[in-house]
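Structure assessment
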Amino acid sequence: MEKEKITDKTRKGAFLVLKDVEESKAYTHLALQAYIRRVKPPGVPFLREMVYGTVRRKITLDWVIGNFVKTPIEDLPVNDRILLRMGLHQLIFMNSVPDYAAVSETVELAKRYARGRDAFINGVLRQFIRDRGYIEFPKREDGEVAYLSVRYSFEPWIVSMWLDQFGDSEKTELLLASLDQRPEFHIRVNSLRTDTASLADRLEKRGYEVSKDPEMPRLLSVRGEGLVDLNLFGAGLFSVQDKGSQLVVDMLGPQPGETIIDVCAGTGGKTMAIAESMQNMGSVIATDIYKRKTEEIQSEAGRLSVSIVETWTWDATTTDSAYIDKADRVLVDAPCSGLGTARRKPEVKYKKLDSAMTALPQLQSDILNASSQYVKPGGILVYATCTIAERENEEVVTAFLRKNRAFKCLEQKQLLPNTDGTDGFFICKMQREAKEGFGV
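Computed from a prediction, not measured in an experiment: that's the story for all the values here.

Let us look at the overall build of the protein chain. Within the protein chain one finds 19 helices and eleven strands. Scaling as 2.2 N^0.38, a compact globule of 440 residues should have a C-alpha radius of gyration of about 22 Å, and the protein chain matches this with 24 Å. In terms of its C-alpha atoms, the protein chain occupies a principal-axis envelope of roughly 75 × 50 × 35 Å. Classification of the 440 residues of the protein chain by burial places 53% in the buried group.

The following block contains the structure:
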């Protein structure tokens, strides 16, 4: 990291992005990406670490603040909360930042964004420096859930769920620790426009560090800033996609000439991977309940030179009778809690166990049951989520297979960052028996 590029504008940018995330509930990666593209600030690596690090460790930082502030953290003015978290994140987790700089720069921001509160913020940060050797974090013997929640900054209900699910404190802690790490940046090579070796060579010539995966020929791991701003991206030579997401498509196994339906397609990352795997031959039908997402799919198809994708806006809990028994393969990339993506979207660590969360398994079951009717005899059905929760994964699939005897499970995986180096994806590949009609 080049220290001379880190200016007051860098920290100001971090504050503004964090304020956007806190107030509008924006996704961290989208808010940060939009700010960088709009402002082109100095010190982007530092800015990125400030933003992601502060969000990633919010519960831990709030616990520390609670040691020095009598007012409950949720009752503090929003700007106070953000500035205290930023200052403490630098003091605790960023060894490259001297204590004096962490305090003085945070106080300067406070003079602008928390007028009249700069002395308070200065006092809290300086008291932390004096007393940090005496702060005692929760201990394991005081309660496993509280200890792990504060240590790794996850909502207690998530920690409790994984402790029950894995039945092992060590396994749970390894998972929590892995979700607290910065992930590798993966891209998918568009085989319609280039090949892996050529793209890797072109990226390396531009100063990027590139690693290949011998088991996944279209996957590249890349280190460096500004990748999506390259003309190589604009020209459709690659897409950004995690290894786990690519493995979902690999398990689906698309073949040229087939008819494939991708329900809940979102913005089309897997849709495009499917079309590329088919060598742009056949038919891919991508549906989503939101029109803006299907429009984005069409935009991506244009960028990637994909011509076999058709989109339509559809509620996936109902079956479109026109496509019953028509698909060789169906992908149900179901809406889920998204807990497996915490490395990239740290805000998911703080999801509440509300009515929408508890209703997810029923929604997932409805979508899976409705979409399974598109599969022709002998065809393939893949159910996938980007979460690590048995109630959204194994339990949904088990209930489906019990009800739909025409399907059998061929393969099932729960990918974990600590064991597979991917986001936390669940994938179940099923096959419909090869006979006429749709049976249950």
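The subject of this paragraph is the environment of proline 156. Along the chain, the position of proline 156 falls in helix H9 (residues 156–166). Taking C-alpha positions, proline 156 is 24 Å from methionine 50, a pair spaced 106 residues apart along the chain. In this structure, proline 156 is in contact with Val145 and Ser149, ignoring residues within four places of it in sequence.

In this section: the state of the cysteines. Tallied over the entire structure, the rule returns zero disulfides. Of all cysteine sulfurs in the structure, the one in cysteine 336 sits closest to cysteine 264, which takes part in no disulfide; the separation is 10 Å. Judged by its relative accessible area of 16%, cysteine 264 is buried. No disulfide involves cysteine 428; its nearest neighbouring cysteine sulfur is the one of cysteine 409, lying 3.7 Å away.

Judged by pairing direction, the sheet is mixed, and its seven strands sit side by side in the order S7-S6-S5-S8-S9-S11-S10 without closing on themselves. Sheet topology places strand S7 (309–313) and strand S10 (407–414) at the edges, where each strand pairs with a single neighbour. Recorded for the sheet is a direction-independent mean angle of 15° between the axes of neighbouring strands. In terms of strand pairing, strand S8 (residues 327–333) meets strand S9 (residues 375–385) through six bridges, oriented parallel. Bridge assignment links aspartate 333 to a residue of S9, and that residue is alanine 384. Packed on one face of the sheet, helix H13 (residues 243–252) meets strand S5 (259–263), S8, S9, S10 and strand S11 (426–432) and runs near 165° to S9.

It is generally the case that most residues other than glycine have a negative phi and that most peptide bonds are trans. The phi torsion at glutamine 279 lies on the positive side, around 60°, for a residue other than glycine. Structurally, glutamine 279 is set in the loop between helix H14 (269–277) and strand S6 (283–288). For aspartate 325, which is not glycine, the phi torsion reads 65° and is therefore positive. Here aspartate 325 lies in the loop between S7 and S8.

Buried residues dominate S5, accounting for four of its five residues. As judged from the four bridges shared by S5 and S6, these two strands associate in the parallel manner. Looking at the pairing, threonine 259 lines up with serine 283 of S6. At this point the chain moves from S5, through H14, to the parallel S6, and the crossover so formed is right-handed. Inspection of the sheet shows S5 paired to S8 by four bridges, in the parallel sense. Directly across from isoleucine 260, in S8, lies its bridge partner arginine 329.

Moving on, we get to the pairing of strand S1 (residues 186–189). Here S1 shows no split at all, with His186 and Arg188 on one side and Ile187 and Val189 on the other all buried. Inspection of the sheet shows S1 paired to strand S4 (residues 238–240) by three bridges, in the antiparallel sense. Considered in S4, the bridge of isoleucine 187 is made with valine 240.

Thresholds applied
- By convention here, each chain's residues receive numbers from 1 onward along its written sequence.
- The model is predicted, so local features are restricted to residues of pLDDT at least 70 and side-chain atom pairs to those at 80 or more, both for listing and for counting; the totals for chains, interfaces and linings are taken over all residues.
- Just so you know, side-chain values use all the structure's heavy atoms and leave hydrogens and water out.
- Elements are defined by DSSP. Helices are runs of H or I of four residues or more, strands are runs of E of two residues or more, and each kind is numbered from the N terminus.
- Based on C-alpha atoms, the radius of gyration is set beside the globule rule, defined as 2.2 Å times the residue count to the power 0.38.
- Burial classification: accessible surface area is computed with a 1.4 Å probe over protein chains only, and a residue below 20% of its type maximum counts as buried, one above 50% as exposed, and the rest as partly exposed.
- Whether two residues touch is decided by their heavy atoms; if any such pair falls within 4.5 Å, the residues are in contact.
- Only a pair of cysteine sulfur atoms within 2.5 Å counts as a disulfide in this structure description.
- Strand pairing is assigned whenever DSSP detects at least two bridges linking the two strands.
- All axes here are fitted lines through C-alpha atoms, helices being fitted over the stretch that makes contact, and every angle between N-to-C directions spans 0 to 180 degrees.
- We call a crossover right-handed when, viewed with both strands directed away from the observer, the connection leading from the first strand over the helix to the second proceeds clockwise.

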